Amino acid sequence: MVTRAGAGAAVAATAVVALLSAALALYGPPLDSVLERAFSLRKVHSVKDMENTLQLVRNIIPPLSSTKHKGQDGRIGVVGGCQEYTGAPYFAAISALKVGADLSHVFCASAAAPVIKAYSPELIVHPVLDSPNAVHEVEKWLPRLHALVVGPGLGRDDALLRNVQGILEASKARDIPVVIDADGLWLVAQQPALIQGYQKAVLTPNHMEFSRLYDAVLRGPVDSDDRHGSVLRLSRALGNVTVVQKGERDILSNGQQVLVCSQEGSSRRCGGQGDLLSGSLGVLVHWALLAGPEKTNGSSPLLVAAFGACSLTRQCNHQAFQKHGRSTTTSDMIAEVGAAFSKLFET
Ligand SMILES: NC(=O)C1=CN([C@@H]2O[C@H](COP(=O)(O)OP(=O)(O)OC[C@H]3O[C@@H](n4cnc5c(N)ncnc54)[C@H](OP(=O)(O)O)[C@@H]3O)[C@@H](O)[C@H]2O)[C@@H](O)CC1
Ligand SMILES: Nc1ncnc2c1ncn2[C@@H]1O[C@H](COP(=O)(O)OP(=O)(O)OP(=O)(O)O)[C@@H](O)[C@H]1O
Ligand SMILES: [Mg+2]
């Protein structure tokens, strides 16, 4: 009797899981988190999903070819860099190059320009962000750029932020993909309408930036027990803008699908890792949009690109930590971009 009752319960439980799975296939992520919570399937699901999504990232990477000319694999612009912060835009721009972009521009405040130039001869640096003609100066370059990364090291000076507002509006008018990070997210929290509904925007908030945005857009505190639901809700409220909430696990959503990236990193949290992520994402977004949904198996190209950038950043962190332990810095992580990229995407 006991055995039969046990078997009956097992059959009933299997049926419930099957039913929920079928419903999940139809209705997507909200049920995903319900399922995960109810049946603790998080690990099993995410490992399988992670590998499937990594395969989609591999599909969007353009082949290296001797027939291409300089610029075809990506011309990326980073909007950021002020007197206080010169490292962040450098990290983002050099990461874009290391991932595979051909040219990387930095549009920064005049005080930051000589410093950023001195870090690297590889970057093209425009000291224009605090000029009265800033929007026009950047606009001149927009037709030549495939994606913009807005915010690393931008600071929160009102005049600079007003110029960046104009740059964002000009970029949207030209349908240029934008990755918004750091102080760019501060600006968006003040004026969500700036990116509301823009399908080529990806936001990459850290813990604090996410809370600030969520509060500004949804007028309430984040439910810390429901990270999936919170990211999904923020994305939906912003008109399906892609949101990447960075953290112990990265949660990504376009308001329809939720992805989780738990690629192994390390416990080292040095400043600048988010800049590596946003710079890499600038290139991957361009590649993903070029490849189109047929290469991403119907998944959103921007979500696939974001998953690629998260995996890559965490893998760089992992590799750098193996070598440098507690002394790991973002420069050590950037030195790992080539090997990490090969390991994840060129297998
Ligand atoms: N080398 C450079 O030039 C670099 C420059 N950078 C540039 O700095 C600018 C400001 O960026 P930001 O990230 O410091 O922003 P902001 O919103 O003030 O948050 C800071 C506060 O949030 C908190 N906090 C953070 N994470 C948390 C967590 N997981 N869980 C809980 N709390 C958390 C934490 O609070 P605390 O612990 O200090 O109380 C922290 O102090 C921006 O332009 C950026 O690009 C950086 O890119 C780094 C490299
Ligand atoms: N607790 C954690 N465990 C593992 N990886 C993490 C953890 N927190 C963040 N990361 C990873 O570190 C990277 C940067 O995220 P982080 O939250 O540090 O961004 P950030 O605060 O914007 O960084 P930055 O210092 O560049 O501004 C992401 O790839 C994220 O996945
Ligand atoms: Mg940051």
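The following refers to the structure shown.

About the thresholds
Residues numbered from 1 in each chain as written. Chains lettered and ligands numbered in written order. Predicted model: local features only at pLDDT ≥ 70, side-chain atom pairs only at ≥ 80, totals over all residues. Heavy atoms only, no water. Near = heavy atom within 4 Å. Polar contact = N/O pair within 3.5 Å; in protein donor to acceptor, adjacent residues only side chain to side chain. Areas by Shrake-Rupley, 256 points an atom, 1.4 Å probe, with all protein chains shown as cover. Helix = DSSP H or I, 4+ residues; strand = E, 2+ residues; numbered from the N terminus. Expected span 1.5 Å × (residues − 1). Contact = heavy atoms within 4.5 Å. 1 Å grid on protein atoms, 1.4 Å probe; cavity = no way out; pocket = protein on both sides within 12 Å on 5 of 7 lines; lining within 4 Å. Points joined across faces, edges and corners; volume = space filled by probe spheres on them. Nonpolar A, V, L, I, M, F, W, Y, C, P; charged D, E, K, R; others polar. Salt bridge = Lys/Arg side-chain N within 4 Å of Asp/Glu carboxyl O. Buried < 20%, exposed > 50% of the residue type's maximum accessible area, 1.4 Å probe, protein only.

With that out of the way, let us pick up the site of ligand 2. As a structural note, the neighbourhood of ligand 2 is formed by 15 residues, with K246, D250, G272, G274 and R314 the closest of them. With respect to ligand 2, the side chain of N206 contributes an N or O atom lying 2.9 Å from an oxygen atom. The separation between an oxygen atom of ligand 2 and a polar side-chain atom of D250 is 2.7 Å. Within the complex, 79% of the 620 Å² of free accessible area of ligand 2 lies under protein.

Moving on, we get to helix 7 (residues 158-173). Over its 16 residues, helix 7 runs 23 Å from end to end, which matches the ideal 22 Å to within 8%, given 1.5 Å per residue. Structurally, helix 7 contributes buried residues whose contacts are with strand 1 (75-79), helix 6 (134-139), strand 4 (147-150), strand 5 (178-180) and helix 8 (182-190). Capping of helix 7 at its N-terminal end is provided by D157; its side-chain oxygen lies 3.1 Å from the backbone amide nitrogen of A159. In the segment just after helix 7, D175 is the residue with positive phi, at about 65 degrees.

A few words now on the layout of surface pockets. Estimated volume of the largest pocket: approximately 630 Å³. In this structure, the largest pocket is lined by 24 residues; those nearest its centre are N206, K246, R269, Q273 and G274. Among the elements of the structure, helix 8, helix 9 (207-218), helix 11 (273-291) and helix 12 (301-324) are those that each provide at least two residues to the lining of the largest pocket. Here the lining of the largest pocket gets four residues from one element, more than from any other, and that element is helix 11. Residues belonging to the lining of the largest pocket are distributed by class as follows: five nonpolar, 10 polar and nine charged.

This part covers the pattern of salt bridges. Applying the stated rule across the entire model yields nine salt bridges. Residues E137 and K140 are paired through a salt bridge, measuring 3.1 Å at the closest nitrogen-oxygen approach. Overall, the relative accessible area of 23% leaves E137 in the partly exposed class. Across the pair K246 and D181 runs a salt bridge whose closest N-O atoms are separated by 3.4 Å. Here the residue K246 occupies a position in the loop between strand 7 (242-245) and strand 8 (250-253), and D181 occupies one in the loop between strand 5 and helix 8, the gap between them amounting to 65 residues. The residues K246 and D181 share a single accessibility class, namely buried.

With that settled, the discussion passes to the site of ligand 1. Contacts to ligand 1 come from 15 residues, most closely from A88, G153, D183, R212 and D275. A distance of 3.1 Å separates an oxygen atom of ligand 1 from a polar backbone atom of A88. Looking at the shell around ligand 1, the elements with two or more residues in it are helix 4 (87-99), helix 8 and helix 9. If one sorts the elements of the shell around ligand 1 by residue count, helix 9 sits on top with three residues.

Positive phi, normally seen in glycine, also occurs at A182, with a value near 45 degrees. One can find A182 in helix 8. Owing to a relative accessible area of 14%, A182 belongs among the buried residues under this scheme. Despite not being glycine, N240 shows a phi value in the positive range, around 65 degrees. Turning to its location among the elements, N240 is positioned in the loop between helix 10 (227-237) and strand 7. In this structure N240 comes out as partly exposed when scored by relative accessible area, which is 28%.

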